[in-house]
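Report on the structure
Spelled out from the first residue to the last, the chains are:
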Amino acid sequence: MAMPPELEATYNAQITMEYGAAYSYLGMSAWFEAEGLPGMAAWMRAQSAEELTHAHRFLEFVLDRDGTVELGPIAAPVLDFATPLDVFRRSLAQEQAVTASINDIYALALAAKDFASNPLLDWFVAEQVEEESSVQQIIDDLVRAGDAGHTILMIDRELGARGGVEAAASAEE
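The structure reproduced in this document is the subject of the present report. As the structure is a computational prediction, the values presented were derived from the model and not from experiment. (Residues numbered from 1 in each chain as written. Predicted model: local features only at pLDDT ≥ 70, side-chain atom pairs only at ≥ 80, totals over all residues. Heavy atoms only, no water.)

Details of the overall build of the protein
Where we set the bar: Strands are runs of DSSP state E lasting at least two residues, helices are runs of H or I lasting at least four, and both sets are numbered from the N terminus onward. Here the globule rule is a power law, 2.2 Å times the number of residues to the power 0.38, and the radius of gyration is based on C-alpha atoms. Three labels apply to residues, based on accessible area from a 1.4 Å probe with only protein chains included: buried if under 20% of the type maximum, exposed if over 50%, partly exposed otherwise in between. We call two residues in contact when some of their heavy atoms are within 4.5 Å. Areas reported as accessible are Shrake-Rupley estimates using a 1.4 Å probe. Residue values count occlusion only from the protein chains shown.
When its secondary structure is counted, the protein shows five helices and zero strands. Taken from N to C terminus, the helices and strands of the protein fall in the order α-α-α-α-α. What you see for the protein is a C-alpha radius of gyration of 17 Å, in line with the 16 Å of a compact globule of 173 residues. Along the first, second and third principal axes, the C-alpha atoms of the protein reach 55 × 30 × 25 Å. Out of the 173 residues belonging to the protein, those deemed buried represent 47%. Long-range pairs, those at least 24 residues apart, make up 81% of the contacts in the protein between residues at least 6 apart in sequence. When the accessible surface of the protein is split by element, carbon and sulfur atoms take 59% of a total near 8400 Å².

As structure tokens, this is what we get:
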């Protein structure tokens, strides 16, 4: 069941966006490693792996619909941050951009009456609610921590544990 060409192009742009998000999270992970925050680095690596899984889901969907996958260029990620809070704020902005893009695809699919897109997009809409909420919680925690190094280290350890769980869950998808 082929999809409308405009929708196929939008899915291809989303695939590239998801790969770009994975690359960005990898850069954030490297920054955290360099800053001696291995838990936050692990959390970002888990996020990177999750974004790759998302890209693959979109890619498989295009192929399953007899579409052509066209991968676009991916910009180099930002590698210079001021603080962990700065990194997570950039992460939230990235997730919000992904959410907006998925919402645009959903609107386009509905307008085209491409109902085969609904199950996939429903999953991603719910996933983005979780993604934004998760990052916002970390931002809230870091804001509360302020410059208290011991609290940032506690958050780092917590995210390291969470990163391992998310990486395992992502690998199962």
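Here the narrative resumes.
What to know about the environment of Glu 51
Among the structural elements, Glu 51 can be located in helix H2 (residues 38–64). When its relative accessible area of 0% is taken as the criterion, Glu 51 is described as buried. For the pair formed by Glu 51 and Arg 89, sequence separation is 38 residues and the distance between their alpha carbons is 17 Å. Excluding residues within four positions of it along the chain, Glu 51 makes contact with Glu 18, Ala 21, Ala 22, Tyr 25 and Glu 95.

Focus: helix H4 (residues 118–145)
What counts, and what does not: Here a helix's expected span is defined as the number of its residues, less one, multiplied by 1.5 Å.
The terminal C-alpha atoms of H4 lie 41 Å apart, and with 28 residues this matches the ideal 40 Å at 1.5 Å per residue to within 8%. Looking one or two places after H4, you find Gly 146, whose phi comes out positive at around 60 degrees.

Focus on the packing of helix H3 (residues 84–111) against H4
What counts here: Think of each axis as a best-fit line through the C-alpha atoms, taken over the contacting stretch in the case of a helix, with angles from 0 to 180 degrees between the N-to-C directions. Every angle not falling under 35 degrees, over 145, or within 65 to 115 is termed oblique; those three ranges are roughly parallel, roughly antiparallel and roughly perpendicular. Handedness of a helix crossing follows the sense of rotation of the near helix relative to the far helix, less than a right angle counterclockwise being left-handed and clockwise being right-handed. Residues are sorted three ways: Asp, Glu, Lys and Arg are charged, Ala, Val, Leu, Ile, Met, Phe, Trp, Tyr, Cys and Pro are nonpolar, and all the rest, Gly among them, are polar.
Viewed as axis vectors pointing N to C, H3 and H4 meet at an angle of 160 degrees, and their least axial separation amounts to 9 Å. Regarding the angle of H3 to H4, the classification is roughly antiparallel. Considering the relative orientation of H3 and H4, their crossing is left-handed. In terms of residue class, the contact of H3 with H4 is made up of 18 nonpolar, seven polar and five charged.

Considerations on the side chain of Glu 8
Applicable threshold: Two N or O atoms form a polar contact when they lie within 3.5 Å of each other; inside protein one atom must be a possible hydrogen donor and the other a possible acceptor, and for residues adjacent in sequence the pair counts only when both atoms belong to side chains.
With respect to the helices and strands, Glu 8 occurs in helix H1 (residues 5–34). Of note is the side chain of Glu 8, whose polar atom sits 3.3 Å from the backbone nitrogen of Thr 68. Non-local contacts of Glu 8, meaning those with residues more than four positions away in its chain, are made with Met 3, Val 62, Gly 67 and Thr 68.

What to know about H1
Between the first and last C-alpha of H1 there are 44 Å, a value that for 30 residues agrees with the 44 Å anticipated at 1.5 Å per step. Immediately beyond the C-terminal end of H1, within one or two residues, lies Gly 36, with a positive phi of roughly 75 degrees.

Some thoughts on the pattern of salt bridges
Cut-off, in case you're wondering: Any carboxyl oxygen of Asp or Glu within 4 Å of a side-chain nitrogen of Lys or Arg constitutes a salt bridge here.
Inspection of the entire model under this criterion finds three salt bridges. Residue Arg 65 is joined to Asp 114 by a salt bridge in which the shortest nitrogen-to-oxygen separation is 2.5 Å. Here the residue Arg 65 occupies a position in the loop between H2 and H3, and Asp 114 occupies one in the loop between H3 and H4, the gap between them amounting to 49 residues. Taking relative accessible area as the criterion, Arg 65 reaches 5% and is therefore assigned buried.

Digging into the packing of aromatic side chains
As a reminder of what qualifies: Think of it this way: a Phe, Tyr or Trp ring, Trp meaning its six-membered ring, pairs with another when their centres are within 6.5 Å, and the plane angle makes it stacked under 30 degrees, edge-to-face over 60, tilted otherwise. For a ring to carry a charge above it, either NZ of a lysine or CZ of an arginine must fall within 6 Å of the ring centroid while also lying within 35 degrees of the normal to the ring plane.
Inspection of the entire model under this criterion finds eight aromatic pairs. Note on Trp 31 and Phe 81: the rings are 5.7 Å apart at their centroids and 80 degrees apart in plane angle, and the pair reads as edge-to-face. Taken together, the positions of Trp 31 in helix H1 and Phe 81 in the loop between H2 and H3 put the pair 50 residues apart, joining distant regions of the chain. The exposure classification of Trp 31 matches that of Phe 81, with both residues buried. By the ring-pair criterion, three or more aromatic residues cluster together here, those being Tyr 11, Phe 58, Phe 61, Trp 123 and Phe 124. Over the ring of Trp 123 we find Arg 57; its NZ or CZ atom is 3.8 Å from the centre of that ring.

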